[in-house]
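Structural features, examined
Below, each chain spelled out in residue letters.
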Amino acid sequence: GNSVTQMEGPVTLSEEAFLTINCTYTATGYPSLFWYVQYPGEGLQLLLKATKADDKGSNKGFEATYRKETTSFHLEKGSVQVSDSAVYFCALGGSQGNLIFGKGTKLSVKP
Amino acid sequence: DSGVTQTPKHLITATGQRVTLRCSPRSGDLSVYWYQQSLDQGLQFLIQYYNGEERAKGNILERFSAQQFPDLHSELNLSSLELGDSALYFCASSATGTDNSPLHFGNGTRLTVT
């Protein structure tokens, strides 16, 4: 069945460092791919999405490119801030709109 | 603010009991989803409703049930509760319930079973 695998955390970075969180997927067809972010005590928020191969989703300095050949959707940001500290979830869209999530990667950014 | 409202925020109950979690979707959204988040299992999809009808089922136990009412709010009923049911339960809504329609999540209900 469809599944998502993302790198395990926690990831600890210094402010202004480069961030990469790896995400790979297994799916039939070409589902939409998403990154969601969860701040402490809150629900998940959509960060970015890509709906087809080679699409690049971007938001708030974060980017991810839908790579069909490597079945990947890695999240990147050139310069992280303390306010980016959160848990990041990679997800793929099911045929009925439900999302299949990875286990999440906790990011801590130190000043 | 996502526009999705979940009540209550916290719930503490004993094993064997029954609880009801409530969700009001974002205005205009027809589809409601329930997810369970626990440390060991991560985010697990439970069930989806679209305009009052069940559309998709995930890893939902037989002790759990849900429904979506004509005003589109939804309730998740958990019965014969076990310690392992302690988790954060999220409701999410989307406009069309299709692959391209992003989900908007509430802040969750934290259930503690003692």
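Above this text is the structure in question.
So, a few notes on the structure that sits alongside this text. (Residues numbered from 1 in each chain as written. Chains lettered and ligands numbered in written order. Predicted model: local features only at pLDDT ≥ 70, side-chain atom pairs only at ≥ 80, totals over all residues. Heavy atoms only, no water.)

**Focus on the overall build of chain B**
Within chain B, the secondary structure is distributed over 0 helices and 11 strands. Starting at the N terminus and ending at the C terminus, chain B contains elements arranged as β-β-β-β-β-β-β-β-β-β-β. Against the globule reference of 13 Å for 114 residues, chain B gives a C-alpha radius of gyration of 13 Å, in line with a compact fold. Taking the principal axes of the C-alpha coordinates as reference, chain B spans close to 40 × 30 × 25 Å. The proportion of buried residues among the 114 residues of chain B is 52%. Taking all contacts inside chain B whose residues are at least 6 apart in sequence as the whole, residues at least 24 apart take part in 54%. By element, 46% of the accessible surface of chain B is carried by carbon and sulfur atoms, the whole surface being about 5400 Å². Positive and negative side-chain charges of chain B, numbering 8 and 11 respectively, have mean locations separated by a distance of 4 Å. (Helix = DSSP H or I, 4+ residues; strand = E, 2+ residues; numbered from the N terminus. Rg over C-alpha atoms; globule rule 2.2 N^0.38 Å. Buried < 20%, exposed > 50% of the residue type's maximum accessible area, 1.4 Å probe, protein only. Contact = heavy atoms within 4.5 Å. Areas by Shrake-Rupley, 256 points an atom, 1.4 Å probe, with all protein chains shown as cover. Lys, Arg positive; Asp, Glu negative; His and termini not counted. Charge placed at Lys NZ, Arg CZ, Asp CG, Glu CD.)

**Structural notes on the sheet that holds strand β8 (residues 62–65) of chain A**
Residue and element names in this part refer to chain A. On the basis of which strands lie adjacent, the open sheet formed by 4 strands has the order β3-β9-β8-β7 and antiparallel pairing. Among the strands making up the open sheet, the edge pair consists of β3 (19–21) and β7 (56–59). If you compare each strand with its neighbour and ignore which way they point, the axes differ by 15° on average. (Pairing = 2+ DSSP bridges. Axes fitted to C-alpha atoms, helices over the stretch in contact; angles between N-to-C directions.)

**Remarks on the state of the cysteines**
By definition, a disulfide links the sulfur atoms of two cysteine residues through a covalent bond. Under the criterion given, the structure shown has 2 disulfides over all chains. Across the disulfide, Cys23 of chain A is cross-linked to Cys90 of chain A (sulfur-sulfur distance 1.9 Å). Its S-S torsion of approximately -70° makes the covalent link between Cys23 of chain A and Cys90 of chain A left-handed. Linking Cys23 of chain A in strand β4 (residues 23–26) with Cys90 of chain A in strand β10 (residues 86–93), this pair joins segments that are 67 residues apart in sequence. Classification of Cys23 of chain A as buried rests on a relative accessible area of 1%. A disulfide bridge connects Cys23 of chain B with Cys91 of chain B, and the sulfur atoms are separated by 1.8 Å. Given an S-S torsion of about -55°, the disulfide between Cys23 of chain B and Cys91 of chain B has left-handed geometry. Residue Cys23 of chain B is found in strand β3 (residues 19–24), and its partner Cys91 of chain B is found in strand β9 (residues 87–94); the two are separated by 68 residues along the sequence. Here Cys23 of chain B matches Cys91 of chain B in class, with each residue buried. (Disulfide = S-S within 2.5 Å.)

**Observations concerning the interface of chain A and chain B**
The interface is formed by 21 residues belonging to chain A together with 20 residues belonging to chain B. With both sides pooled, the region where chain A packs onto chain B buries about 1600 Å², and carbon together with sulfur makes up 52% of that total. There are 0 salt bridges connecting chain A and chain B. Where chain A touches chain B, the interface holds 4 residue pairs in polar contact (both at pLDDT 80 or more). At the level of secondary structure, the elements contributing two or more residues to the side of chain A that touches chain B comprise β5 (33–38), β6 (44–50), β10 and β11 (99–101) of chain A. (Buried area = accessible area lost by both parts, 1.4 Å probe. Salt bridge = Lys/Arg side-chain N within 4 Å of Asp/Glu carboxyl O. Polar contact = N/O pair within 3.5 Å; in protein donor to acceptor, adjacent residues only side chain to side chain.)

**Some words on the sheet that holds β3 of chain B**
Residue and element names in this part refer to chain B. Read from one edge to the other, the open sheet built from 4 strands follows the order β1-β3-β8-β7, with strand pairing classed as antiparallel. Of all strands in the sheet, those with a lone pairing partner are β1 (5–7) and β7 (64–68), marking the two edges. Looking at each pair of strands side by side, their axes are set apart by 15° on average, direction ignored. In this structure, β1 lies alongside β3, joined through 3 bridges in antiparallel fashion. Looking across to β3, one finds that Thr5 is bridged to Ser24.

**Concerning the pairing of β8 of chain A**
Residues and elements named next belong to chain A. Looking at chain direction, β7 and β8 are connected through 4 bridges and run antiparallel. From the neighbouring strand, Asn59 faces β8, where its bridge partner is Phe62. Where β7 folds back on β8, the antiparallel hairpin that results is connected by 2 residues, among which Lys60 adopts a positive phi of roughly 55°. Two elements, β8 and strand β9 (residues 75–77), share 3 bridges in a ladder whose sense is antiparallel. For Glu63, the partnering residue across the bridge sits in β9 and is Glu76.

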